[in-house]
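This is what each chain is made of:
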Amino acid sequence: MRRSAPPSMRIGELATRVGVSTHVLRAWESRYALLTPTRSQGGYRLYGADDERRVREVLSLRDQGVSAMEAARQVLAAERAGTAAATGIAAEPGPDDAQSPEDAESRLRLDPPLLVAQLLDAITALDEDRAHAVLDTAFLDRSVESAVVDVLVPFFVRVGEMWELGRIGIAQEHFASSLVRRRLGALSMTWGLGTGPIAVLACPPGEFHDIILMSFGVLLGRAGWRVRYLGEDTPIPSLVSACRLTKPDAVVLASRRPSGFRAHARQLKALHEQHPLWIAGRGTTPRVLTEIGCHHLGPDIVADVALLTEAARARRRAAESAARESAARESATRQGAALEAAASEGAGLEAEDARPSGARSDSEPLA
């Protein structure tokens with residue numbers, strides 16, 4: 001049996017040979033596992049004759065009116081069956097063979113770890129096109145909330161872990177940060193719209209990791225909040241000034257280190273007395289919470305959005321109730337004063353009427 005030549009084509013060359021854009025090829029690879037590239041010593045993805053054959057077979061089926069998803073399923077199923085026949089082993093049904101095409105697509109959509117793994121693979125190779133293709137899949141096939149919570153946040157957490165373990169370099173970590181920040185930035189365009197509660201989001205001085213905080217801001221914005229995002233390394237006086245200007249319903253400060261909070265505990269405690277302060281991140285320890293006396297947000301950012309929203313509503317209800325009570329007290333005070341004035345005026349008239357008709361006041365002139 002003749003062996004196929006080892007993979008040697010970059011994706012651009014493969015795209016030229018088959019007449020399909022690199023974006024489509026990457027989408028077919030991420031969605032349907034149609035391509036199986038290897039890595040060169042330099043870290044480039046290399047494709048071979050088998051990849052080209054599969055793409056051509058999918059294109060042929062598409063010309064016959066078969067969807068790309070179903071075409072890929074048929075091509076891969078036929079390849080598995082052919083391999084089994086060549087080796088004399090009965091073909092076992094693959095995961096897609098026992099499912100309808102719709103089920104296969106749903107299975108992929110419900111598999112965020114696969115998307116996270118593909119993103120990690122892309123950033124390890126500094127392959128921006130490939131990374132954006134995976135993100136396109138995540139955002140096209142899932143809700144924004146799910147894409148952020150189930151794909152982007154776990155991906156960035158894994159990037160941080162891999163960097164700390166030395167499995168990726170600072171270049172990959174910065175590349176991943178830039179990639180995610182641009183995606184989140186596109187979702188933040190509505191932060192200034194609407195009439196919902198206002199949130200000020202920031203990281204304390206010395207904290208430069210704000211991707212999770214930015215993700216939280218995206219979810220807040222989609223829940224109707226107006227977000228004022230100050231971002232990384234924000235001086236506390238600047239934070240206080242921003243709060244004085246915006247009068248926020250919530251202030252969220254995030255830090256990975258307790259010292260990011262403790263170094264400014266006195267100022268943050270004073271800030272919390274003016275505006276509801278919530279702190280988040282690994283730096284949120286029981287000691288920090290005790291020293292500042294503020295609120296705490298946990299690692300579930302979806303639950304945190306609901307918590308902040310309910311807290312803002314409760315605060316607004318309390319403020320409206322207090323305003324009504326104050327107005328009622330003021331009205332009662334005015335009414336009491338009016339009644340007292342009326343009673344005083346009535347008493348004066350009664351005294352005037354009680355005086356004898358012939359009596360003369362000492363101040364009256366003599367005739």
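See the structure above.
What you see is a predicted model; the values in this text were computed from it and never measured.

Peer 1: Before we move on, could you go through the overall build of the chain and cite the residues and values that matter?
Peer 2: When its secondary structure is counted, the chain shows 15 helices and seven strands. In the chain, which comprises 367 residues, the proportion classed as buried is 40%. Within the chain, contacts between residues separated by at least 24 positions form 68% of all contacts whose residues are at least 6 apart in sequence. Looking at the chain as shown, the accessible area adds up to about 20200 Å², and 55% of this sits on carbon and sulfur atoms.

Peer 1: I'd like a description of the side chain of Gln118, backed by residues and values.
Peer 2: For Gln118, the location among the structural elements is in helix 6 (residues 112–124). In contact with Gln118, other than residues within four places in its own chain, are Glu29, Ser30, Arg130 and Val134.

Peer 1: With reference to specific residues and values, describe the pattern of salt bridges.
Peer 2: Between side chains of opposite charge, a pair can form when the charged atoms approach closely. Scanning the model with the defined rule gives 24 salt bridges in all. Close ionic contact of Asp50 with Arg53 constitutes a salt bridge, the shortest N to O distance being 3.9 Å. Of this pair, Asp50 and Arg53 both sit in helix 3 (residues 49–63), separated by three residues, roughly a single helical turn. Within this structure, Asp50, Asp51, Arg53, Arg54, Glu57 and Glu79 form a network of salt bridges that share partners.

Peer 1: Describe the nonpolar core, listing the residues and the values that go with them.
Peer 2: Core analysis: the largest hydrophobic core is formed by 50 residues, its most contacted members being Phe155, Phe216, Leu220 and Leu308. Top contributing element to this core by residue count: helix 8 (residues 144–164), with ten residues. Excluding residues within four positions of it along the chain, Leu220 makes contact with Ala199, Leu201, Trp225, Val227, Val305 and Leu308. Counting 21 residues, the second largest nonpolar core, distinct from the first, contains Leu14, Ala15, Leu25 and Val58.

Peer 1: Could you give an account of the sheet that holds strand 6 (residues 277–280), with specific residues and numbers?
Peer 2: The parallel open sheet is built from five strands, whose spatial order is 4-3-5-6-7. The sheet is open, and its two edges are formed by strand 4 (226–231) and strand 7 (295–296), each paired on a single side. Relative to the sheet, helix 10 (residues 211–222) contacts strand 3 (198–202), strand 4 and strand 5 (250–254), its axis offset from that of strand 3 by approximately 170°.

Peer 1: Can you tell me about the pairing of strand 5, naming the residues and giving the values?
Peer 2: Across the five residues of strand 5, five count as buried, placing the element largely inside the fold. Across four bridges, the pairing between strand 3 and strand 5 is parallel. Residue pairing across strands places Ala202 opposite Leu253, the latter belonging to strand 5. The pairing of strand 5 with strand 6 spans four bridges and is classified as parallel. Bridge pairing in strand 6 places Leu253 opposite Ile279.

Peer 1: Any details on the packing of aromatic side chains? Residues and values, ideally.
Peer 2: Per the stated rule, a full pass over the model turns up one aromatic pair. A ring pair is formed by Trp191 and Tyr229, whose centres lie 5.5 Å apart and whose planes are at 40°; its orientation type is tilted. A residue pair is termed long-range when its members are at least 10 positions apart, and Trp191 in the loop between helix 9 (170–186) and strand 3 and Tyr229 in strand 4 qualify at 38 residues. Under the relative-accessibility criterion, Tyr229 is labelled partly exposed at 23%.

Peer 1: Give me the lowdown on the environment of Leu61, citing residues and values where you can.
Peer 2: Tracing the sequence through the fold places Leu61 in helix 3. Sequence separation of Leu61 and Ala71 is ten residues, and the distance between their C-alpha atoms is 5.9 Å. With residues near it in sequence (within four places) discarded, Leu61 still touches Val66, Ala71, Gln74 and Val75.

Peer 1: Describe in detail the packing of helix 11 (residues 236–246) against helix 13 (residues 265–274), supporting the description with residues and values.
Peer 2: Packing of helix 11 against helix 13 brings their axes to within 11 Å, and their N-to-C directions diverge by 5°. It follows that helix 11 is roughly parallel to helix 13 by the angle criterion. Where helix 11 abuts helix 13, its residues Ile236, Pro237, Leu239, Val240 and Cys243 lie against Gln267, Leu268 and Leu271. Partitioning the contact of helix 11 with helix 13 into residue classes produces seven nonpolar, one polar and no charged.

Cut-offs applied
- Within each chain, residue numbers correspond to sequence positions counted from 1 in written order.
- Per-residue local features of the predicted model are confined to residues with pLDDT of at least 70, and side-chain atom pairs are confined, for both listing and counting, to 80 or more; whole-chain, interface and lining totals are unaffected and use all residues.
- As a rule here, side-chain values cover all heavy atoms of the structure and leave hydrogens and water aside.
- Per the convention used, a helix needs a DSSP run of H or I reaching at least four residues, while a strand needs a run of E reaching at least two, with both numbered from the N terminus.
- For every residue, the accessible area obtained with a 1.4 Å probe (protein chains only) is divided by the maximum for its type, and the residue is called buried under 20%, exposed over 50%, and partly exposed between those limits.
- When checking whether two residues touch, look at their non-hydrogen atoms; a contact exists if any pair is within 4.5 Å.
- All accessible areas in this document rest on Shrake-Rupley with a 1.4 Å probe, and a residue is counted as covered only by the protein chains that are shown.
- Salt bridges are defined as contacts in which a side-chain nitrogen from Lys or Arg sits within 4 Å of a carboxyl oxygen from Asp or Glu.
- By nonpolar core we mean a set of buried residues, namely Ala, Val, Leu, Ile, Met, Phe, Trp, Tyr and Cys, connected to one another through side-chain atoms within 4.5 Å.
- Following DSSP output, two strands are said to pair if at least two bridges run between them.
- A fitted line through C-alpha atoms serves as each axis, taken over the contacting stretch for helices, and the angle formed by two N-to-C directions is quoted from 0 to 180°.
- Between the rings of Phe, Tyr and Trp (Trp by its six-membered ring), a pair exists once the centres lie within 6.5 Å; its type follows the angle of the planes, with under 30 degrees stacked, over 60 edge-to-face, and the other angles tilted.
- Comment on the angle field: the value is read as roughly parallel under 35 degrees, roughly antiparallel over 145, roughly perpendicular from 65 to 115, and oblique elsewhere.
- Three categories are distinguished: nonpolar for Ala, Val, Leu, Ile, Met, Phe, Trp, Tyr, Cys and Pro, charged for Asp, Glu, Lys and Arg, and polar for the others, with Gly belonging to the last.

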